[in-house]
Amino acid sequence: MWQNTDRTRNIGIIAHIDAGKTTTTERMLYYSGHTRRIGDVDEGSTVTDFLPAERARGITIQSAAITFNWPPQVDSAEDVKTAEAVASQSLPRSTLSHRINLIDTPGHADFTFEVRRSLRILDGAVCVLDGVAGVEAQTEQVWNQAADWKIPRIAYVNKLDRDGAAFGQTVREIGVRLGGWPALCQIPWFEGGRGNFCGVVDVVNLVGLKYASGGDGKSITTYNMTHLEAEEPALAQELRKARAALVEVLSEHDDAMVEAFLDAEEDHLAITPAQILSCIRQCLNAGDGKVIPVFAGASFRNIGVQPVLDAVNNMLPSPAERPQAEVSIGATTGYLDDLLAGRMIVHSSTKSKSSRQAVVPVVGIDKTLKGCALAFKVVNDSRKGMLVYIRVYSGTIERNALLYNTNLKQSERATNLLRMYANESVPVQSLEAGQIGVIAGSKYARTGDTLISCATNKAVPPSPLDQLQLRPIHVPPPVFFASIEPNSLKDEKDMHDKLNLLLREDPSLHVTQDEDTGQTLISGMGELHLEIARDRLVGDLKANATMGKIAIGYRETVTQISRSNSKIFDSSARGDAKGKAGCTAAVEPYRSRTLTDEHSDYALQHEQDGNLVIVEAPTLDRKGRPLDDDCASLPGHLTLSEVQSAFTNGALAALARGPGFSYPMRNVQVTLTLDPAKHIFGSDTSYASLTAAARLATIAAFREVSSMGGIAIMEPVMNVDIGADDASIGSIIQDISSSRGGQIVSLGDNEEAEANAQAFPREIDVSRIYAPKDPFEFGSSAGLDQQVNKQRSIKAKVPLKEMIGYLKHLRSMTGGRGTFTMSVDRFERMTGQREKALIAELRGGA
């Protein structure tokens, strides 16, 4: 008898923008019986794109979770016999109805964190590719994000009904650009061998699936091998090649396939579908992406979606088949199952006489821990309140259970549990291990928090469970910035309250306060991200606020070396509580420096945000004792490590605000020197006064360099990956190089990918990848250069300032086909006319 977790699949749909994720999801819901009509992205009638902004823009902005069964039949008495047949592998897993928890993710690069936090809790993914565009920039991005979590993935080549679609080229790009061996489980079926895309040929089961033209995809005619050989001999011959290639790829990665091939007397066609599916599952469960099952279809034409659903059941793992969840307790890391079984050893926080942490094996936790879950998404719903999406990793989370947040050290009851169907929900009494659901009305939980339920039912669970944390979700740093101001002073508190709601929903947004101007700054992953945040804040949350012009996070740096600047901080001079300390500081451009043995006893290095802070105490040894009798010592209430920490914090505070235009400093080396005879004033010297003295001395050094004209501005330079058709490449290169001050790094195409594959043996050899011949309009087999709208990629380094508004410009140059992604490469010093123009702009704004 199958357990629920065996017949559960937690999967995500990932892809580049406009590859057809939401269109594919709509067909999945329709064929499963969840919906009675197929929604349309252009009409704004899709189930998973339910936000007004999503329907207006025709793109996915936030991930949407929905649960359905595939196949759609319900369990019955016959289901028991079917389950037994599946267990014996005489029938495929797709024969049984599975519960599929599906998350439709965004494809736009600005919402990469939305994809990242969804992938964190998934057990498998379907990567949708545009059969015309091939492997695009964001395709690689989301594929690599899934690889970070070792998530098994299958590829679905969509839009094969369109002019210029090239399944064969896309398959080769999958191998070269995604770094795995394509295992073709299907090949496309074109009527007459070219032209009209009418179905797919199943390489695993050796059958052809022909879809009724213009239908809803439910009318499918199945052709076995005999029928194909009689009616489509060329296609049958291609199927033989595809089966041989599939067996060969699997044999290179699983010895079981080699044995099956030998047992079948080296006949590829004699190997059973069950053997192939078992081998594919084995390869996928490794999560290394070395084998990539590939499927074909055209979702908008309702072709090829049902076989992908079957593949989800047959190939992707259940929660029980995935590796153990990674956990930490304090400084100790391990696996959740090991912890529950008493095999994990935890370092106790109680120190022994020898000041070493005691090592304590943890036993009996399995009886205390009733449930453990990770909060991966928070949404503020106007009707249901705050919705916290969770994935349960162990035990059961029950309705009204007392949940302890081990990150925030807060307890609250799960008063309402829901199973989500996009923006609709159904109440449930419990969520078991492997399931995805929602806690409605949570006051505290945030993205990445670990929630546990204990049998003790106390506000604080027993140690060490109160420290138990699942592996967190990394939040990428922001790239774009803008100011946001309340419309009036009375609206300020309301604006900040609603900003806090927005930040709880989307941790990739950051809000900071400028200490001097009092201006509120909001930062995010890109222009569109901030536009959506503004619409959400003003339109949905009804905040009376205005977002200002998007600003760039520049940096300042020093180009000259200062002298040593000594400063004494005396709080009594300002009428504050007593506190007096001194410090000497010098600044210079940061270059790699290794402390010599001569200085290693009294110097501390601290590197942060591209700066280096060095704290020297030349008259003291590493324990803070004078090196000779003539040297002053530290007072009893201060240790050398405390002084070094205070000085470092003071320098970091000074580095946070440059002397020229108040931008943070970068590529600066600050050397702070402590002389107890001059800088320590007995009991008047405190940690706070030392920090203040270091800050004053560092600021003085910056001002000295500034007076000599030794301050320069640095700007963020981006790694930009642009995808466009071949006809637009020339104008794009000229625009990047001439108009935007960028540097072209490489121009990528299929030939270059093949050359790279041969140059690096560890990469995929494209010549060994099997792919069927693409049917081109003129019947030419001369090569991919004849392809309609052949896609090329440009890699460049461009200043961030020049990329503001670039998407609209790129689309105008490429007829709407161009896309790009970017990430921060480095900060680079501005020079010449660009620096003068920026300085004039900044001074004019001031």
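Residues numbered from 1 in each chain as written. Predicted model: local features only at pLDDT ≥ 70, side-chain atom pairs only at ≥ 80, totals over all residues. Heavy atoms only, no water.

Draft legend 1. Focus on the overall build of the protein chain. From N to C terminus, the protein chain includes 22 helices and 39 strands. Contacts spanning at least 24 positions in sequence make up 72% of the contacts within the protein chain whose residues lie at least 6 apart. For the protein chain, the exposed area adds up to about 37,100 Å²; of that, 47% sits on carbon and sulfur atoms. (Helix = DSSP H or I, 4+ residues; strand = E, 2+ residues; numbered from the N terminus. Contact = heavy atoms within 4.5 Å. Areas by Shrake-Rupley, 256 points an atom, 1.4 Å probe, with all protein chains shown as cover.)

Draft legend 2. Focus on the side chain of Thr25. With respect to the secondary-structure elements, Thr25 resides in helix α1 (residues 21-31). If sequence neighbours within four positions are ignored, Thr25 has contacts with Ile13, Thr48, Leu102 and Asp104.

Draft legend 3. Representation of the nonpolar core. Residues Val126, Ile174, Leu250, Val294 and Leu468 are the most contacted members of the largest nonpolar core, which totals 133 residues. When residues in this core are grouped by element, the largest group, nine residues, is from helix α8 (residues 233-251). Discounting chain neighbours no more than four positions away, the residues touching Val294 are Ala155, Val157, Phe167, Val171, Ile174, Pro182, Ala183, Leu184, Cys185 and Gln186. Grouped together as the second largest cluster of nonpolar side chains are 39 residues, Ala533, Ile794, Ala796 and Leu800 included. (Core = buried A, V, L, I, M, F, W, Y, C linked by side-chain atoms within 4.5 Å. Buried < 20%, exposed > 50% of the residue type's maximum accessible area, 1.4 Å probe, protein only.)

Draft legend 4. Here's a closer look at the confidence of the model for the protein chain. For the protein chain, the average pLDDT comes to 85, and 87% of its residues sit at 70 or higher. Highest mean pLDDT in the protein chain belongs to strand β5 (residues 153-158) (98); lowest belongs to helix α20 (residues 750-759) (40). Of the regions scoring below 50 in pLDDT, residues 348-360 engages in 13 contacts with residues more than four places distant in sequence or in other chains. Here residues 750-762 is a poorly scored stretch, pLDDT under 50, and it has twelve contacts once near neighbours within four places are set aside; other chains count. (pLDDT = per-residue confidence, 0-100.)

Draft legend 5. The environment of Glu715, seen in detail. Position of Glu715 relative to the elements: it lies in strand β36 (residues 711-725). With a relative accessible area of 3%, Glu715 lands in the buried category. The spacing of Glu715 and Glu556 is 159 residues in sequence and 8.6 Å in space, taken between C-alpha atoms. Once residues lying within four places of it in the same chain are set aside, the contact partners of Glu715 are Tyr554, Pro799, Arg826, Phe827, Glu828, Met830 and Arg834. Engagement of the side chain of Glu715 in a polar contact is seen with the side chain of Arg834, the distance being 2.5 Å. (Polar contact = N/O pair within 3.5 Å; in protein donor to acceptor, adjacent residues only side chain to side chain.)

Draft legend 6. Looking closely at the sheet that holds strand β35 (residues 668-673). Overall, mixed pairing links the five strands, which are arranged β31-β32-β35-β34-β33 in an open sheet. Looking at strand neighbours, the two that pair on one side only are β31 (565-570) and β33 (603-608), the edges of this open sheet. Going across the sheet, the axis of each strand differs from the next one's by a mean of 25 degrees, ignoring polarity. In terms of strand pairing, β31 meets strand β32 (residues 580-589) through six bridges, oriented antiparallel. The partner of Ser566 across the bridge, within β32, is Thr584. The strands touched by helix α16 (residues 640-655) within the sheet are β32, β33, β34 (611-616) and β35, with β34 carrying the most contacts at an inclination of about 145 degrees. Lying over the sheet, helix α18 (residues 687-707) contacts β31, β32 and β35, oriented at roughly 35 degrees with respect to β32. (Pairing = 2+ DSSP bridges. Axes fitted to C-alpha atoms, helices over the stretch in contact; angles between N-to-C directions.)

Draft legend 7. Structural context of the sheet that holds strand β12 (residues 326-329). Reading across from one edge, β13-β12-β25 is the order of the three strands in this open sheet, with antiparallel pairing throughout. On the outer flanks of this sheet lie β13 (332-335) and β25 (468-470), each paired with one strand and no other. Along the sheet, successive strands turn relative to each other by an average axial angle of 30 degrees, direction set aside. Taken together, the three bridges between β12 and β25 define a ladder with antiparallel strand orientation. Among the inter-strand pairings, Val327 is bridged to a residue of β25, identified as Leu470.

Draft legend 8. Local environment of the pairing of strand β7 (residues 186-190). Extensive coverage of β7 is indicated by the burial of five of its five residues. Two elements, β7 and strand β8 (residues 197-202), share five bridges in a ladder whose sense is antiparallel. By the bridge assignment for β8, Phe190 is matched with Phe197.

Draft legend 9. Seen up close, the packing of α16 against α18. Between α16 and α18, the least distance of the axes is 7 Å, while the angle of their chain directions is 45 degrees. Between α16 and α18, the crossing angle belongs to the class labelled oblique. For the crossing formed where α16 meets α18, the hand is right-handed. Here Glu642, Val643, Ser645, Ala646, Phe647, Asn649, Gly650, Ala651, Ala653, Ala654 and Leu655 of α16 come into contact with α18, specifically with Tyr687, Leu690, Thr691, Ala694, Arg695, Thr698, Ile699 and Phe702. When grouped by side-chain class, the residues that make up the contact of α16 with α18 number twelve nonpolar, five polar and two charged. (Parallel < 35°, antiparallel > 145°, perpendicular 65-115°, else oblique. Left-handed = near helix turned anticlockwise from the far one by under 90°. Nonpolar A, V, L, I, M, F, W, Y, C, P; charged D, E, K, R; others polar.)

Draft legend 10. Up close: the packing of aromatic side chains. Following the criterion strictly, the structure yields five aromatic pairs and no others. With a centroid separation of 5.2 Å and an interplanar angle of 80 degrees, the aromatic rings of Trp189 and Tyr223 are classed as edge-to-face. Of this pair, Trp189 sits in strand β7 while Tyr223 sits in strand β10 (residues 220-223), and the two are 34 residues apart along the sequence. Given a relative accessible area of 2%, Trp189 falls into the buried group. Considering the side-chain rings of Phe376 and Tyr389, the 6.1 Å spacing of their centres and the 65 degrees angle between planes classify their relative orientation as edge-to-face. Of this pair, Phe376 sits in strand β16 (residues 369-381) while Tyr389 is found in strand β17 (residues 385-398), placing the two residues 13 residues apart along the sequence. The exposure class assigned to Phe376 is buried, which follows from its relative accessible area of 1%. Sitting over the ring of Tyr393, Arg391 keeps its end group 4.7 Å from the ring centre. (Phe/Tyr/Trp six-rings, centres within 6.5 Å; stacked < 30°, edge-to-face > 60°. Lys NZ or Arg CZ within 6 Å of the ring centre and 35° of its normal.)

Draft legend 11. Seen up close, helix α9 (residues 255-263). Within α9, burial applies to Met257, Ala260 and Phe261. In a view along the axis of α9, the buried residues occupy a sector of 100 degrees, so they form one face of it. Among the exposed residues of α9, those pointing more than 90 degrees away from its buried face are Asp255, Glu259, Leu262 and Asp263. Looking at the packing, one finds that the buried side of α9 touches α8 and α10 (273-285). One side-chain oxygen at the N-terminal end of α9 lies 3.1 Å from the backbone nitrogen of Ala256; it belongs to Asp254. In the stretch just after α9, Glu265 is the one whose phi turns positive, near 55 degrees. (Arc of directions from axis to C-beta.)

Draft legend 12. Seen up close, the pattern of salt bridges. According to the stated counting rule, one finds 30 salt bridges in the structure shown. The partner of Glu828 in a salt bridge is Arg826, and the shortest N-O contact between them spans 2.4 Å. Glu828 gets classed as partly exposed once you look at its relative accessible area, which sits at 34%. Several salt bridges converge on common partners, so that one network encompasses Lys797, Asp825, Arg826 and Glu828. (Salt bridge = Lys/Arg side-chain N within 4 Å of Asp/Glu carboxyl O.)

Draft legend 13. Focus on the side chain of Asp735. Secondary-structure assignment places Asp735 in helix α19 (residues 729-739). Ignoring any residue separated from it by four or fewer positions in sequence, one finds Asp735 in contact with Arg740, Tyr806, His809 and Met813.

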